[in-house]
Amino acid sequence: MSVSTAAADQSLCTPLPVLGRDVTVPLVTGGEVTYAALDYAASAPALQRVWDDVAAYAPYYGSVHRGAGYLSQLSTDLFENARRTVADFLGCRAGDQVVFTRSTTDSLNLLARAIPAGCQVFVFETEHHASLLPWQHADVTYLDAPRTPGQAVQTLERALADRDPYGPALVCVTGASNVTGELWPVRELAAAAHAHGARIVLDAAQLAPHHPVSVTDLDVDWIAFSGHKLYAPFGSGVLAGRADWLQAAEPYLAGGGASRRVTRREDGGVAVEWHETAARHEAGSPNVIGAYAIAAACKALTEAGWDTLVAREQHLIAKVRAGLAEVPEVRVLSLFGDDAPRVGVLSFVVDGWNSSHFAAALSAEYGIGVRDGLFCAHPLVRTLLGTDPQTQGECGAPEAAPGEKSLNAIRVSFGAGTPDEHVDRFVNAVRELVRDGAKWQYRTEEGRCVPAV
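Residues numbered from 1 in each chain as written. Predicted model: local features only at pLDDT ≥ 70, side-chain atom pairs only at ≥ 80, totals over all residues. Heavy atoms only, no water.

Enquirer: So what's going on with unusual backbone geometry? Which residues, and what values?
Expert: Peptide bonds are mostly trans, and most non-glycine residues show a negative phi. A positive phi angle is found at Cys-376, which is not glycine, with a value near 50°. When you line up the elements, Cys-376 lands in the loop between strand S16 (371-373) and helix H13 (378-385). According to the relative accessible area criterion, Cys-376 is partly exposed, its value standing at 28%. Backbone geometry at Glu-446 places phi at a positive 55°, although glycine is not the residue there. Relative to the helices and strands, Glu-446 is located in the loop between strand S18 (442-445) and strand S19 (448-451). Among the residues examined, Glu-446 registers a relative accessible area of 78% and is labelled exposed. (Helix = DSSP H or I, 4+ residues; strand = E, 2+ residues; numbered from the N terminus. Buried < 20%, exposed > 50% of the residue type's maximum accessible area, 1.4 Å probe, protein only.)

Shown next, in the form of structure tokens:
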């Protein structure tokens, strides 16, 4: 092996430093083990670099846009520079706006409030609830789950062909499924939308942490994502894209910052002139640290190199898939088939196991954190499991006791901070649990399976 090849292999196997990488947790069977965080799809651990950047800024914390003092001016510059960093990270076009929000859910609800009157909305039933539910007060069409990427495009094209061709329309689609990790044909769906006079918003919550995402390259109208999935702390998100609908809409929140001028009217009321910039939808004191953390994460991922990050993640995906394939009792869930491209998110069920029981055993006996439930994508998981769409079930709170049939699944997810050892431990734990059973007794407590004490 050449020196350069050896160096490349070493780079491939080196995870980015994240908070909590050395945290140990107790096992019910005795002793402690380093925690294996394999629930990145819910919230990825913050990058150490992001945390360090935030800590370095914290002593200079100040109000933005309003203060004349040095710290206020510094914080304002930092906040607006974060906006420009995110715009560059997303490949935004000239004239696009970057609005800082609380999360992907908040971003999509903001856009739902901004769509023009009479707008028709098209969304697949396979979406996360954050992108499935905000449109309920609009003229919304829910599309059945496709079984191939090509079928997704065809389904959308047929639905758009039947719409009112003269009114506004919006398509909402995920970039990568939060259940299966499968990549959706975003560019092709965007082309179909635009060919029929519709716009498209991309839920990039699961895509942006794993792949480069560009408004321009994908030709989408808006992108929404969350900081806490992009290796930044909780409480911040982004909606980026075309400005016209956002400028024409009433502010998402009314208050200071969104208003440019407020005056008393002769009739005793109040007249308001709203901003036309992103500030229109950022009323109140903004989450400056959250915006700065997102920008720091964007810089860190870009500088780490997407080719290296993607290659390393594919290496981990191959390990997990190969390991699970060796256990006949495990069925990996998929819409588009086993060979479909995906990010580091896989959901599965285990014959003879309640999903909550299995996830509880992974945590209590092996120190592995995964997620079980319906993953806030109830219609999709029920479609994948082949259960009645009307069957009751809760997001992450199954009713079944250990050993009983589960209507839910188990999800393992990972990313730039995951070491090989965590993936190896997970695969070995699945194999041992299926072969030998749990070493501990478990009971149901408030809908969750927990170790019996």
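More follows now that the structure is in view.
Enquirer: Go over the side chain of Ser-236, please, and point to the residues and values.
Expert: Mapped onto the secondary structure, Ser-236 falls in the loop between strand S9 (222-226) and strand S10 (237-241). Only 3.4 Å separates the side chain of Ser-236 from the backbone oxygen of Gly-290, close enough to count as a polar contact. Setting aside its immediate chain neighbours within four residues, Ser-236 contacts Thr-101, Arg-102, Ser-103, Ser-226, Gly-227, His-228, Asn-287, Gly-290, Ala-291 and Ile-294. (Polar contact = N/O pair within 3.5 Å; in protein donor to acceptor, adjacent residues only side chain to side chain. Contact = heavy atoms within 4.5 Å.)

Enquirer: Could you give me a rundown of the nonpolar core, with the residues and numbers involved?
Expert: Judged by nonpolar contacts, the single largest core of 86 residues is most densely connected at Leu-90, Leu-202 and Phe-225. Residue contributions to this core peak at eleven residues, all from helix H10 (residues 288-304). Not counting residues within four places of it along the chain, the set of residues in contact with Leu-202 comprises Val-173, Thr-174, Gly-175, Val-186, Leu-207, Val-213, Leu-218, Val-220, Trp-222, Ile-223 and Ala-224. One finds Phe-348, Ala-360, Val-412 and Val-423 within the second-largest nonpolar core, a separate group that totals 33 residues. (Core = buried A, V, L, I, M, F, W, Y, C linked by side-chain atoms within 4.5 Å.)

Enquirer: Mind laying out the sheet that holds S16, listing which residues take part and the relevant values?
Expert: In a beta sheet, neighbouring strands pair by backbone hydrogen bonds and run either parallel or antiparallel. Pairing in this open sheet of four strands is antiparallel, and the strands run S13-S14-S17-S16 from one edge to the other. Each edge of the open sheet is held by one strand with a lone partner, namely strand S13 (330-332) and S16. Within the sheet, the average angular offset between the axes of one strand and its neighbour, ignoring direction, is 30°. Note that strand S14 (residues 345-350) and strand S17 (residues 409-413) share four bridges and pair antiparallel. Among the inter-strand pairings, Leu-346 is bridged to a residue of S17, identified as Val-412. (Pairing = 2+ DSSP bridges. Axes fitted to C-alpha atoms, helices over the stretch in contact; angles between N-to-C directions.)

Enquirer: Could you give an account of H10, with specific residues and numbers?
Expert: An ideal rise of 1.5 Å per residue puts 24 Å on 17 residues; H10 measures up with 24 Å between its terminal C-alpha atoms. Of all 17 residues in H10, twelve are buried, a share of seventy percent or more. Restricting attention to buried positions, one finds in H10 the residues Val-288, Gly-290, Ala-291, Tyr-292, Ala-293, Ile-294, Ala-295, Ala-296, Ala-297, Cys-298, Ala-300 and Leu-301. Turning to H10, the residues buried within the fold contact helix H2 (48-57), helix H3 (70-89), strand S4 (97-101), S9, S10 and helix H11 (306-325). Taken from the residues just after H10, Gly-305 is the one with a positive phi, measuring 95°. (Expected span 1.5 Å × (residues − 1).)

Enquirer: Which residues make up the pattern of salt bridges, and what are the values?
Expert: Using the criterion set out here, one finds 21 salt bridges in the structure. Its salt-bridge partner being Arg-435, residue Asp-436 comes within 2.9 Å of it at the nearest N-O pair. Asp-436 gets classed as exposed once you look at its relative accessible area, which sits at 52%. Salt bridges linked by common partners bring Arg-312, Lys-319, Asp-420 and Asp-424 together as one network. (Salt bridge = Lys/Arg side-chain N within 4 Å of Asp/Glu carboxyl O.)

Enquirer: Kindly report on the packing of aromatic side chains, identifying the contributing residues and their values.
Expert: In this structure the tally under the stated criterion is ten aromatic pairs. Seen in terms of ring centroids, Tyr-57 and Tyr-292 are 5.6 Å apart; in terms of plane orientation they differ by 65°. Their pairing is edge-to-face. Here Tyr-57, found in helix H2, pairs with Tyr-292, found in helix H10; they are 235 residues apart in sequence, far enough to count as distant. The exposure class of Tyr-57 is buried, given its relative accessible area of 4%. A ring pair is formed by Phe-79 and Phe-100, whose centres lie 5.4 Å apart and whose planes are at 45°; its orientation type is tilted. Note that Phe-79 is positioned in helix H3 and Phe-100 in strand S4, a separation of 21 residues in sequence. Neither Phe-79 nor Phe-100 differs from the other in exposure class; each is buried. Grouped by ring-pair contacts, the aromatic residues Phe-348, Trp-353, Phe-358 and Phe-426 constitute a single cluster. (Phe/Tyr/Trp six-rings, centres within 6.5 Å; stacked < 30°, edge-to-face > 60°.)

Enquirer: Give a detailed account of H3, specifying residues and quantitative values.
Expert: Relative to the 28 Å expected for 20 residues at 1.5 Å per residue, H3 spans 28 Å between its end C-alpha atoms, a close match to the ideal helical length. Ser-72, Ser-75, Thr-76, Leu-78, Phe-79, Ala-82, Arg-83, Thr-85, Val-86, Ala-87 and Phe-89 are the residues of H3 that are buried. Where H3 is buried, its residues meet H2, S4, S9, S10, H10 and H11. Phi for Gly-91, located one or two positions after H3, is positive at around 60°.

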